[in-house]
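# Observations on the three-dimensional arrangement
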Protein chains: 2
Amino acid sequence: MVGPTAVATLEAPKRPDRASAAGRSECCALFHRAVELVGKRWSGAILSVLLDGPLRFSEIRALVPDISDRLLSERLKELEAEGIVEREVLDDHPVGVEYRLTDKGKALEPAVGALKRWADEWLCR
Amino acid sequence: MVGPTAVATLEAPKRPDRASAAGRSECCALFHRAVELVGKRWSGAILSVLLDGPLRFSEIRALVPDISDRLLSERLKELEAEGIVEREVLDDHPVGVEYRLTDKGKALEPAVGALKRWADEWLCR
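Everything in this summary refers to the structure shown in the same document. (Residues numbered from 1 in each chain as written. Chains lettered and ligands numbered in written order. Predicted model: local features only at pLDDT ≥ 70, side-chain atom pairs only at ≥ 80, totals over all residues. Heavy atoms only, no water.)

Right, let's talk about the sheet that holds strand S3 (residues 97–101) of chain B for a bit. Residues and elements named next belong to chain B. On the basis of which strands lie adjacent, the open sheet formed by three strands has the order S1-S3-S2 and antiparallel pairing. This sheet does not close on itself; its edge strands, each paired only once, are strand S1 (55–56) and strand S2 (85–89). As judged from the five bridges shared by S2 and S3, these two strands associate in the antiparallel manner. Residue pairing across strands places valine 89 opposite valine 97, the latter belonging to S3. Sitting on the sheet, helix H3 (residues 43–50) is in contact with S1, S2 and S3, with an inclination near 95° to S3. The sheet contacts of helix H5 (residues 69–81) involve S2 and S3, and relative to S2 the element is tilted by about 105°. (Pairing = 2+ DSSP bridges. Helix = DSSP H or I, 4+ residues; strand = E, 2+ residues; numbered from the N terminus. Contact = heavy atoms within 4.5 Å. Axes fitted to C-alpha atoms, helices over the stretch in contact; angles between N-to-C directions.)

And the structure:
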């Protein structure tokens, strides 16, 4: 037997505030790729410390806790292949290699900054 | 034998434009957690389509190409556990479930928006 509550439920009109999925665009493939790229484990952390300026390998290691040499090396190569990071051989003594963001990498600052602000506001509660 | 070029290289002073890593802060643990959370495969895409308004499971499926039912279900549960997404049972006919962003989820809009703009500008070249 169908009670009054069930009837009310069945007869309820579609809620007017419900947005329809029709006409909404698919998640953009470029955005999805960007998330995969920046969101890969440690990539965001590496970008974050390089946004303050160029660093040597050992300096990145010191600023990104818990990353291994192998993984840092792998991530830097990936970011370099994507044109986000570039290496420069320093003419310092001792000779060293420095990693810096390209213009493409520096352009990630607003996204990294916005996510930092979100994290500060919402994840420390 | 050391030639003039090598001498010049060895004697070059430290470049003044090189930022020191000393005094720079470690990659913040909260930011790292935010990247892991939002950057997890498909999470960014799901957030992106939900930022336009609530959707049913099948509607998210239609708007996020290539995701499987199993993975979408898993991601939605994770985002719900993080307080980013909430479920609501609709009193529509047929009865359905809708997924919507919480305030914490909606607060990700600036970060998602900034990353979308970056992707549009730098990944389609």
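The next subject is the sheet that holds strand S3 (residues 97–101) of chain A. Residue and element names in this part refer to chain A. On the basis of which strands lie adjacent, the open sheet formed by three strands has the order S1-S3-S2 and antiparallel pairing. Edge strands, defined here as strands with exactly one partner in the open sheet, are strand S1 (55–56) and strand S2 (85–89). By the bridge criterion, two bridges tie S1 to S3 in an arrangement that is antiparallel. In the strand pairing of S3, leucine 55 is matched with tyrosine 99. Each of S1, S2 and S3 touches helix H3 (residues 43–50); the most contacted strand, S3, lies at about 95° to it. Along the sheet, helix H5 (residues 69–81) contacts S2 and S3; its crossing angle with S2, the most-contacted strand, is approximately 105°.

Across the contact, 63 residues belong to chain B and 63 residues belong to chain A. A buried area of about 5,900 Å², summed over both sides, lies between chain B and chain A, and 61% of it is on carbon and sulfur atoms. Joining chain B to chain A, the criterion identifies two salt bridges. The salt bridge partner of glutamate 36 of chain B is arginine 41 of chain A, with a shortest N-O separation of 2.2 Å. Of all the secondary structure elements, the ones that give two or more residues to the side of chain B that touches chain A are helix H1 (4–11), helix H2 (29–38), H3, S1, helix H4 (57–63), S3, helix H6 (103–106) and helix H7 (109–122) of chain B. (Buried area = accessible area lost by both parts, 1.4 Å probe. Salt bridge = Lys/Arg side-chain N within 4 Å of Asp/Glu carboxyl O.)

It is the contact of helix H7 (residues 109–122) of chain A with H7 of chain B, at a shortest axis distance of 8 Å, that shows an interaxial angle of 165°. By the criterion of interaxial angle, the relationship of H7 of chain A to H7 of chain B is roughly antiparallel. As H7 of chain A runs across H7 of chain B, the sense of the crossing is left-handed. Taking contact as the criterion, the partners of Pro110, Ala111, Ala114 and Leu115 of chain A in H7 of chain A are, on H7 of chain B, Pro110, Ala111, Ala114 and Leu115 of chain B. Here the contact of H7 of chain A with H7 of chain B is composed, by residue class, of eight nonpolar, no polar and no charged. (Parallel < 35°, antiparallel > 145°, perpendicular 65-115°, else oblique. Left-handed = near helix turned anticlockwise from the far one by under 90°. Nonpolar A, V, L, I, M, F, W, Y, C, P; charged D, E, K, R; others polar.)

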